[in-house]
Each structure stands twice: as C-alpha cells, then as structure tokens.
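Architecture at a glance
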Amino acid sequence: MIIVRRQHRVLIQGITGKQGTFWTERMQEYGTNVVGGVNPKKAGTTHCGVPVYASAVEAMKETSFDVSVLFIPPLGVKDAALDAIEAGARNICILTEYIPVQDVMYIMAAQGAETDITGPNTAGSVTVGEGFMGFMPAFNERIFNHGTVGVISRSGSLGTLMCQNIVSAGFGQSAFLGIGGDPIIGTTTREALEALDNDEGTEAVVIVGEIGGAMEEEAAEYAAGMDKPVIAFIAGGAAPVGKKMGHAGAIVVGNRGTYESKQKALQAAGVTVLATPSDVGGALKERLGS
Amino acid sequence: MNFEEHAAKPLLKAAGITVPESRLARTADETAEAARDLGAVVVKAQAPAGKRGKAGGIKTADSPEEAKAAAEKILRLEIAGHAVEKVLVEERSDIKREFYAAVLNDPATKGPLVMFSTEGGMDIEDVAEKTPGAIQQAKVDIRQGFGPQDAQEMLEGLDLGGARDGIADVLVKLYDAYRANDAELLEINPLVVTASGAVVALDCKFVIDDSAIKRHRELAATGTPDKLTELEARGEEAGIKYIELDGDVGVLANGAGLTMTTMDVIRHHGGRPANFCEIGGEAYTKAKPALEMVLDKPGIKSLVVNFCGAFARCEVMMDGLLNAWDEISPDLPVFFSVAGTGDEEAIKMLKDRLGADPLSDMDAACKAAVDAAQEEAKGGNGG
C-alpha cells in the first residue's frame, strides 16, 4: 500500500463523468498531482485542465503515472482495472460499490507483484497537506488537520466522523487510508497498519473496523509487535446476526466475524478498543500523553 | 439471492451434470400425477433454506397415493419462516455412495474455491468440525479456470471406486456453471453414485452474487428474494438500505459504517434502535423517502439524524430531509449530528428552516434521543 504524496502522479479513469469531474476538481484544489484522465470516447481532449487518453496504457506511454483512481460504474471496473494493471500502475484505487465479486477476484488475480489494489468500495485516502484520492472531505479543516495520527477505515462516512473527533480533540492526522467495505478487497487492515507503522510522520494509529471477515483479527497480530500505540473502534456490535449491514462485508455468520472476537483479539494485542467514536480524543491523550 | 432446488438444478443440467427426472407440483393432486409418470419418487419441500430433511420436508413414496399423502403433509409445513408452497417430485435414485461438491467465492484467498468431500449428505459445517480432513479444497486462479487435470489432482488418493472420472467431470462442469452464473455458492449435496455407476446430483444449492444480478436478469427472476417486511420492501423499491429492528429510536444516517455505529451508540446509551436506514453513496439524494420510511415504523418515539458527509453531501441530504419534514410535520423529538462535506450549509439550513441546532457530537445526539424515547415511554405508561 502506498501513502499518496505530492510527487505521486495520479491518473483518473472516468474523469469526464459527473462525480469524476467534481472530485477531480476537489483533488486538484487540494494539491493532488493529477496528470491525466481516461475516457476512450473523449481521447485527445482536455478535461479539468489535463489531457484525456483512450486508455491507461496510452496514458502511461504519453505521461507516466503512479496511481490510478477509478470513477467507473460497476460493470466497467474489471476492464478499467485490467487496463491500469497492464499499464503498470503502482496503485489502483477502486471506489465503486456493487462490483460483481468474480470480477473483483479476477482483478485481484491479475494484479501482479508491482501493483497494489485499494478497495473496492473505498472512499479513498488522504495525506494531510499533500494530496487525496477519491471522495474524502480532505479540504474540510474541522475534519482533516495536519498531525501525527494515522487512520485506517473500511467506511468513508464513519472514517470521516472519526477524523472529525480526532481534530476536535486537538489532534491531527498524518494520513487517512480508506480500505473499503467489500468482503474481498485489495489492501487489508493489516497491510495498511504496516504502512503506517513504517511511516515516519505517524505516531499513533486509529483503526475503524467493522463486524464481518477476519481483517481486524489479522491486524491485531501485527499490532502486538508495534511500538506505536494503536486504538480501534469496531462498528456493528448491535447488528443482528446473518444480516448484511449495508456493506456487503459486514455480515456475521455463526460466530465468525463477531464484535466480541475482534474486540478480544485487539485487546489481547494491547490495542485500546473504544466503546464509541467520541472516546477517541481521550484515548489518544492517554496513549500519546499530550 | 437464494434459489430453491427446482430453480437451481437447471443450471447443473445446462452444464451437463446429470440430475434425476423431476416435476414441480403445487398441490397434492399434482404430486400424485407426477408420481404416476415417474414411479418411485422422493417428494421434497421447496424452500430457500437448508435442513429440509430435519424439518420433515423430504419423504419417499412408492405409489401415487403415498406421494399424495406425503405432499399433503409437506405443503402444510413452514421451514425457516417460509411457508412451503411447492414440492419437487423426483425420480428415486438407487444410492450406492454419497459425496459433497461445491464452488464458492472465498474471501480468504480472494478467489474461487472448489470443495469436495467423501462425507456427502451431511451439513458441510458439521463435517468441517468433526472430520476436517475429509474435505478437499482447491484454490483456483480465476484467470486459468479449473480443468480436468485440476480435478484429478484434487481427487488423488481418495477411494472413489470406479467413479473417479465421473466425479472429476462433475467438478469441472460445476466450476463452469459457477462462473457462467456469477454464483456466490454453487453446491451439490449429496452428489451420489448410483448402483448402475452413474454420478448424479441429488440436490443443488445456488446463491447468486447480488452485485451480479444486473447481468443475469432472466435468471434472477427465478430466484427467491429475501423475505422482507413491508417497510424493507419499500426500501428496496426506493433503492434505500432499510432493515427493520425492534426498538423505538429511529435512525437516519449516511454510509453503512456510520449507520451501524449510530445503532451501536444508541445501544451503548441504553436505547434500542428501531431500524437501520442509510442514504450514503448514490442514495444521498433520497432523504425524503428514507425519512418517510423511518417514521412509518410503528412505535417509534424519537429520531437521530446523523450525517457525516464524504461522497454524500450534507447540504443535499439536509435539504431532502427538511422538505420531507415540512410535508409530514412529524410530532416526535429529533436530534441531529452533522459533519463533513457541506456541513456548514446544512447546519445553516437546519437553523433557518427548523429552528434547530445539531448537538455537539453523535454521542450527544444518540443519548438525547434515547432519553427522549424513555421519557415518552414512561409518559405513555402513566396514562
């Protein structure tokens, strides 16, 4: 997983659509280094002040890029992602929700060693003061302020709330890494945690998890060996068993993926588990000693 | 979405896997008629849930009269909350051995997983617990697929009698059917070898990936949609995720994570959420129908509105909500928490049009709503 920096060159696949346009403008205003876009029907034109290419492969030939952000409808994501993989993108950020799972598995199988996939169904990521990808309110200073707390979240909305609580408690973020709410995603909680552990600007990590799957348990194994303090909130403790709670990944089957299992694993690893997101400020003060 | 056996088996047949001759019947008389044509049969309740045998939903019959009597009993059953309205009348097989075969989407390996077990006819969860060694698993590279060679490797060393090639052939065809139909799970349990040596699929479970339904419209029409309450069905119709719960504090929020957390925090403060309702993602323009649904839940005593804009913009959600509020003029206490993209505009709108301010954070909003609901409940009890 890469943490987006000012020097990273970013491609936007689906740049000419309504959401693609709106969020590309926000990314540019914030400082993200957008170098081009893709729309096969509008190749050769300029959109949001950058050239539009027929494919990611073409874009790589004309102007190199590191990261591609996909604003693409569900049934078009497989082809767009394979294009970006073929082009040699280092990271592909897939925002789209409701992509057929077998398409997602195909993308994961094709990704190769050089390419990281973030998402699907992620709100993107923010490196405070440097750039953001996707649709996070990076530009809202009550939510993002420069600091040393790294945030990992499966959910965009809840991640946003957590970031606001961090700022209102007098802290700020180094980076926000959205990883996505689908059952099959590229970068996992554990991999994102490792990236923040290795990031010099990060002194503490807040994990915003959810019921379902085993990612929080896997992250706990890594957290056990970390020096930086880790704090976590797991959403869905009050959710009924067997129901998908909005995110396709948030479902408890039998006793797998339960709140209790995640809470237990995290606490055993020395992670502070919050009862509510509003407690994050107090926990940061305690763990960072401000 | 789940498929009942009679809707799932045609997928196997189309892939070239042998299934017994069968007829679908809706009445006891139709069952008797089918049995006259088929001879010795099994009468099987059609329901989108397992454990039909334990529920008394599967009976053998040697004559049309017996088949009729079996259907009369089965058609009165309710299995896992589903009233049985149809039975599958199926030619009886002379079973020599029973196996298990399935292909499914595996989050752990991020790819397809082919499973086979010599312990057929039992719940695979039970087999996994008691004799995990009896389950063979093959991870598949979805770009390469699963061919005869892969199937033979998977079955290596197992005592399958003369059925090895027949079973390998079924596994390959099962994988192809899984791919062609965007299955989340395609399972044959039991897969049997008959006295004559034929490999036959006696049952089939098929769950389609809900995100792939948009490219399988015709097939999806033969599936069994989840059993929804009236309000949940309205939500589905309107493209809003709504799940009805048993509490009295209404929840309207954006994004799955935030909505789940709103419910958690209500619980944390001693209250009970009345619903899960989220208008995040593409649904963020649907605050109006969402509010109507939340308010139509009987027994709702207070409401938390929790907006935290990222992709979903607060001012758009607030505008929709306030339009609906003006129209419905609901008479119940409501508490707001507003943050994120478009929050300033949304907060101003709330002040101008409803004369209200958001609370300091979502905990405060949830706690206030829980207190208000409890106050209301006390007042109600006291007359």
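Here is what the cut-offs are and how they apply
Residues numbered from 1 in each chain as written. Chains lettered and ligands numbered in written order. Predicted model: local features only at pLDDT ≥ 70, side-chain atom pairs only at ≥ 80, totals over all residues. Helix = DSSP H or I, 4+ residues; strand = E, 2+ residues; numbered from the N terminus. Rg over C-alpha atoms; globule rule 2.2 N^0.38 Å. Buried ≥ 20, exposed ≤ 12 C-beta atoms within 10 Å, placed from the backbone. Contact = placed C-beta atoms within 7 Å. Domains from an automatic or database assignment. Pairing = 2+ DSSP bridges. Axes fitted to C-alpha atoms, helices over the stretch in contact; angles between N-to-C directions. Nonpolar A, V, L, I, M, F, W, Y, C, P; charged D, E, K, R; others polar. Left-handed = near helix turned anticlockwise from the far one by under 90°. Core = buried A, V, L, I, M, F, W, Y, C linked by C-beta atoms within 7 Å. Parallel < 35°, antiparallel > 145°, perpendicular 65-115°, else oblique. pLDDT = per-residue confidence, 0-100.

1. Here we look at the overall build of chain A
When helices and strands are counted, chain A shows 9 helices and 14 strands. In terms of overall dimensions, chain A is globule-like: its C-alpha atoms have a radius of gyration of 18 Å, near the 19 Å expected for 290 residues. Here the C-alpha coordinates of chain A stretch approximately 55 × 40 × 30 Å along the principal axes.

2. Section: the overall build of chain B
Across its full length, chain B holds 13 helices and 18 strands. Computed over the C-alpha atoms, the radius of gyration of chain B is 27 Å, more than 25% above the 21 Å expected from 2.2 N^0.38 for a compact globule of 383 residues. Dimensions of chain B, computed from the C-alpha atoms along their principal axes, are close to 80 × 50 × 40 Å. Counting only residues that meet the buried cut, chain B has 47% of its 383 residues in that class. Long-range pairs, those at least 24 residues apart, make up 70% of the contacts in chain B between residues at least 6 apart in sequence.

3. So, the domain arrangement of chain A
Residue and element names in this part refer to chain A. By the assigned domains, chain A splits into domain 1 (10-118) and domain 2 (140-288). Put simply, the middle of domain 1 and the middle of domain 2, counted by C-alpha atoms, are 27 Å apart. At the interface, 7 residues of domain 1 touch 5 residues of domain 2. Elements represented by at least two residues in the side of domain 1 that touches domain 2 include exactly helix H4 (101-110) and strand E7 (116-118).

4. Describing the sheet that holds strand E2 (residues 22-25) of chain B
All names here are of chain B. Across the sheet, 4 strands lie side by side as E2-E7-E3-E4; this open sheet has antiparallel pairing. With one partner strand each, in any of the chains shown, E2 and strand E4 (58-61) form the two edges of the open sheet. The average undirected angle you get between the axes of adjacent strands in this sheet is 20°. The pairing of strand E3 (residues 41-45) with E4 spans 4 bridges and is classified as antiparallel. Paired with valine 43 across the two strands is lysine 59, which belongs to E4. Set on the sheet, helix H2 (residues 28-38) makes contact with E2, E3, E4 and strand E7 (87-91); between it and E7 the angle comes to about 15°.

5. Brief notes about the pairing of strand E8 (residues 95-106) of chain B
Residue and element names in this part refer to chain B. One ladder, built from 8 bridges, connects E8 with strand E11 (residues 183-194); its direction is antiparallel. The residue of E11 that forms the bridge with leucine 104 is leucine 185. Note: E8 against strand E9 (residues 111-117), 7 bridges, orientation antiparallel. In the sheet register, aspartate 106 faces E9, and the bridge partner there is glycine 111.

6. Structural notes on the interface of chain A and chain B
On the chain B side, the residues contacting the 47 residues of chain A number 46 residues. Per-class residue counts for the side of chain A that touches chain B are 27 nonpolar, 16 polar and 4 charged.

7. Digging into the packing of H2(B) against helix H3 (residues 64-74) of chain B
Residue and element names in this part refer to chain B. Where H2 contacts H3, the axes come no closer than 8 Å and their chain directions differ by 145°. For the element pair H2 and H3, the recorded crossing hand is right-handed. Residue-level inspection shows Ala28, Asp29, Thr31, Ala32, Ala35 and Arg36 of H2 in contact with H3, the latter providing Pro64, Ala67, Lys68, Ala71 and Glu72.

8. Regarding the pairing of strand E9 (residues 131-134) of chain A
All names here are of chain A. Of the pairings in the sheet, the one linking strand E8 (residues 124-127) to E9 comprises 4 bridges and is antiparallel in character. Bridge assignment links serine 125 to a residue of E9, and that residue is methionine 133. Turn length for the E8-E9 hairpin, with the two strands adjacent in sequence and antiparallel, is 3 residues, and the turn residue glycine 129 shows positive phi of about 85°.

9. Digging into the nonpolar core
Residues Leu70(A), Leu171(B), Leu174(B) and Ala369(B) are the most contacted members of the largest nonpolar core, which totals 192 residues. In terms of residue count, helix H6 (residues 164-180) of chain B provides more of this core than any other element does, 9 residues in total. Once residues lying within four places of it in the same chain are set aside, the contact partners of Leu171(B) are Ala101(B), Val114(B), Phe116(B), Ala151(B) and Met154(B). In this structure, Val41(B), Ala45(B), Ala71(B) and Leu88(B) belong to the second largest nonpolar core, which totals 21 residues.

10. A closer look at the environment of Gly145(B)
One can find Gly145(B) in the loop between strand E10 (135-139) and helix H5 (148-155). Residues Gly145(B) and Glu344(B) lie 199 residues apart in sequence; the distance between their C-alpha atoms is 52 Å.

11. Here's the deal with the sheet that holds strand E12 (residues 204-210) of chain A
All names here are of chain A. Strand order in the open sheet made by the 7 strands is E9-E8-E11-E10-E12-E13-E14, with mixed pairing throughout. For this open sheet the edge positions go to E9 and strand E14 (272-273), each flanked by a neighbour on one side alone. Note that strand E10 (residues 146-153) and E12 share 5 bridges and pair parallel. Across the sheet, serine 153 pairs through a bridge with valine 208, a residue of E12. Contacting E12, strand E13 (230-235) and E14, helix H8 (residues 259-268) crosses the sheet at an angle of about 175° to E13.

12. Brief notes about the environment of Ile74(B)
All names here are of chain B. Considering the arrangement of structural elements, one finds isoleucine 74 in helix H3. The class of isoleucine 74 is buried, set by 25 C-beta atoms lying within 10 Å. Setting aside residues up to four positions removed in sequence, isoleucine 74 forms contacts with Val43, Ala45, Gly57, Lys59, Val84 and Val87.

13. Re unusual backbone geometry
The linkage connecting Gly119(A) with the following residue, Pro120(A), adopts the cis geometry, with an omega of 10°. Along the chain, Pro120(A) falls in the loop between E7 and E8. Geometrically, the link from Asn189(B) to Pro190(B) is a cis peptide bond, its omega value of 10° lying close to zero. Following the sequence through the fold, Pro190(B) ends up in strand E11. Backbone geometry at Cys48(A) places phi at a positive 55°, although glycine is not the residue there. Take Cys48(A): it is sitting in the loop between strand E3 (46-47) and strand E4 (50-53). The phi angle at Ala80(B) is positive, at roughly 50°, despite the residue not being glycine.

14. Digging into the packing of helix H3 (residues 77-87) of chain A against H4(A)
All names here are of chain A. Two elements in contact, H3 and H4, have axes separated by 9 Å at closest approach and are oriented at 5°. On the basis of the axis angle, H3 is roughly parallel to H4. Contacts between H3 and H4 involve Val77, Lys78, Ala81, Leu82 and Ile85 from the former and Asp103, Tyr106, Ile107 and Ala110 from the latter. When grouped by side-chain class, the residues that make up the contact of H3 with H4 number 7 nonpolar, no polar and 2 charged.

15. Thoughts on the confidence of the model for chain B
Put simply, chain B has an average pLDDT of 93, and 99% of its residues get 70 or more. Taken together, the chains of this predicted complex give a pTM of 0.91 and an interface ipTM of 0.90.

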